[in-house]
Amino acid sequence: MDDILIIGGGASGLMCAYLLAKNGKSVTVLEKNDRVGKKLLATGNGKCNLTNTNVTLQDYNTTLIKDILDEFTPQRVIEEFAQMGLLTKADAEGRVYPYSESATTVLNVLLRRLDEFGVKIVCDARVDKIIPVDGKWKAVTSKDEYTGDKVIFACGSNATSGLDSLGLMSSLGHCIIPFKYAIAPLTCNGVKGANGVRAKVYATLFINGKETMGERGEFLFKDDALSGILAFRLSSALARYGDKVESCKVTVDFVPDMQQDQLAEFIYSNCSVYSPLEGILHKAIAQNVVSRTPMDRSWIMSRKKANDIAKACKAYDVTILGVGSRANAQVACGGVALEELDARTLQSRLHGGLYCVGESVDVDGLCGGCNLHWAWASAMAVSKDLI
């Protein structure tokens, strides 16, 4: 029976441990923290957005994972969790959550199964070296040394409370793409006095003057930042540019359900010149839009004035300064270069018996379940090769 070492007790590492152990493998999970699954508990605002029924290859930064996504679909993930005893449900946008809407439920189900199948979990064990020795693998930790026939690198990224462990792979000759934080607020100039206000809008991201991404969704306005799911999705697109960003802005359509001429007619016919957007937008947003509108300041509503206000509502530019800090980021772009891993099994092309999964690989998806889906799917791909 193969002894398998898993470096990291996050989502992908725990899924690997479960799948391998239930198929008769001897598994040891080495985790630097005092307990496993810490970051899993924070996903989806604590609700754990497991996957998304609408996941496509276009949601990710690379096409090299096509075979894995084609085989290990959202339905496969849902079915696997059902076999563990976890009931799930999907919302209108396809986001899949545990029925309890609690990430704790997901972790508890996983841990119960790991205990049933005899997985050994060693916490407070930071791995300092991974060494190939006589056809096996040795992990040197802050506690002890552990030996296995195969080793799975599942350390994730250093986003939020994580640790950058990519040095373990670079010491083995692997090419590493440095981490850039994503699924985080967008720091910005352009919206004042709207802290805590939410608005459903259509937003278009421009990077270096080029339209990069456009989507409808909800912004949560903060002091000098855009947050909420829509901002998180745009942040992934921005993070993928790395250090090549010379300029960035988001153009916001605050009234996406109306054409500009329709909105202008409504303003002209029905709205007071003293507060023309009072019945359309939140007061704080309205003040920002009106203050940005180039129009005469007379107290007479004209068609031109109404059109100017409507235009400002439909195309409000916000200058983006960057992606939020590591502490606020849910994931990171970067990791072990995919070109050095087998596209179906994620086994290293440089060392037999060495595998990489989850966020430790240079794969990142948009906000909405894509990243956790990759964690489960990559774990399934590796486990299939080892069973």
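Everything in this summary refers to the structure shown in the same document. (Residues numbered from 1 in each chain as written. Predicted model: local features only at pLDDT ≥ 70, side-chain atom pairs only at ≥ 80, totals over all residues. Heavy atoms only, no water.)

What follows covers the pattern of salt bridges. If charged atoms from side chains of opposite charge come close, those side chains can pair. Tallied over the entire structure, the rule returns 25 salt bridges. One salt-bridge network, held together by shared partners, links Lys 47, Lys 89 and Glu 101. (Salt bridge = Lys/Arg side-chain N within 4 Å of Asp/Glu carboxyl O.)

Let us now look at unusual backbone geometry. Residue Asp 124 is not a glycine yet carries a positive backbone phi of 55°. Relative to the helices and strands, Asp 124 resides in the loop between strand E6 (120-122) and strand E7 (127-133). Taking the relative accessible area as the measure of exposure, Asp 124 reaches 42% and is therefore partly exposed. The phi dihedral of Asn 208 is positive, around 55°, even though this residue is not glycine. For Asn 208, the location among the structural elements is in the loop between strand E13 (198-207) and strand E14 (210-222). (Helix = DSSP H or I, 4+ residues; strand = E, 2+ residues; numbered from the N terminus. Buried < 20%, exposed > 50% of the residue type's maximum accessible area, 1.4 Å probe, protein only.)

Before going further, it helps to spend a moment on the pairing of strand E12 (residues 186-189). Both faces of the sheet carry side chains from a regular strand, because those side chains alternate between them. Side chains Leu 186 and Cys 188 of E12 all project onto a buried face; the interleaved residues Thr 187 and Asn 189 project onto a face where none is buried. Summarising the sheet, E12 and strand E15 (residues 225-227) pair through 2 bridges and their orientation is antiparallel. The residue bridging Thr 187 from the neighbouring strand is Ala 225, located in E15. Two elements, E12 and strand E17 (residues 316-323), share 4 bridges in a ladder whose sense is antiparallel. Within E17, the residue paired with Leu 186 across the bridge is Val 323. (Pairing = 2+ DSSP bridges.)

Between two packed helices, both the angle of their axes relative to each other and the distance between the axes serve to describe the pair. Where helix H7 (residues 260-270) contacts helix H9 (residues 303-314), the axes come no closer than 8 Å and their chain directions differ by 130°. Our classification of the angle between H7 and H9 gives oblique. Between H7 and H9 lies a crossing whose hand is right-handed. Across the interface between the two elements, Gln 260, Leu 263, Ala 264, Glu 265, Ile 267 and Tyr 268 from H7 touch Arg 303, Ala 306, Asn 307, Ile 309, Ala 310, Lys 311, Cys 313 and Lys 314 from H9. Its residues assigned to classes, the contact of H7 with H9 comprises 8 nonpolar, 2 polar and 4 charged. (Axes fitted to C-alpha atoms, helices over the stretch in contact; angles between N-to-C directions. Parallel < 35°, antiparallel > 145°, perpendicular 65-115°, else oblique. Left-handed = near helix turned anticlockwise from the far one by under 90°. Contact = heavy atoms within 4.5 Å. Nonpolar A, V, L, I, M, F, W, Y, C, P; charged D, E, K, R; others polar.)

The next thing to look at is the side chain of Lys 314. In this fold, Lys 314 is placed in helix H9. On the basis of relative accessibility, which here comes to 16%, the residue Lys 314 falls in the buried class. One polar contact links Lys 314 to Asp 253, side chain to side chain, over a distance of 2.8 Å. Setting aside chain neighbours within four positions, we find Lys 314 in contact with Val 252, Asp 253, Val 255, Pro 256, Met 258, Gln 259, Gln 260 and Leu 263. (Polar contact = N/O pair within 3.5 Å; in protein donor to acceptor, adjacent residues only side chain to side chain.)

Take it as geometry only, folks, not as evidence of what the structure does.
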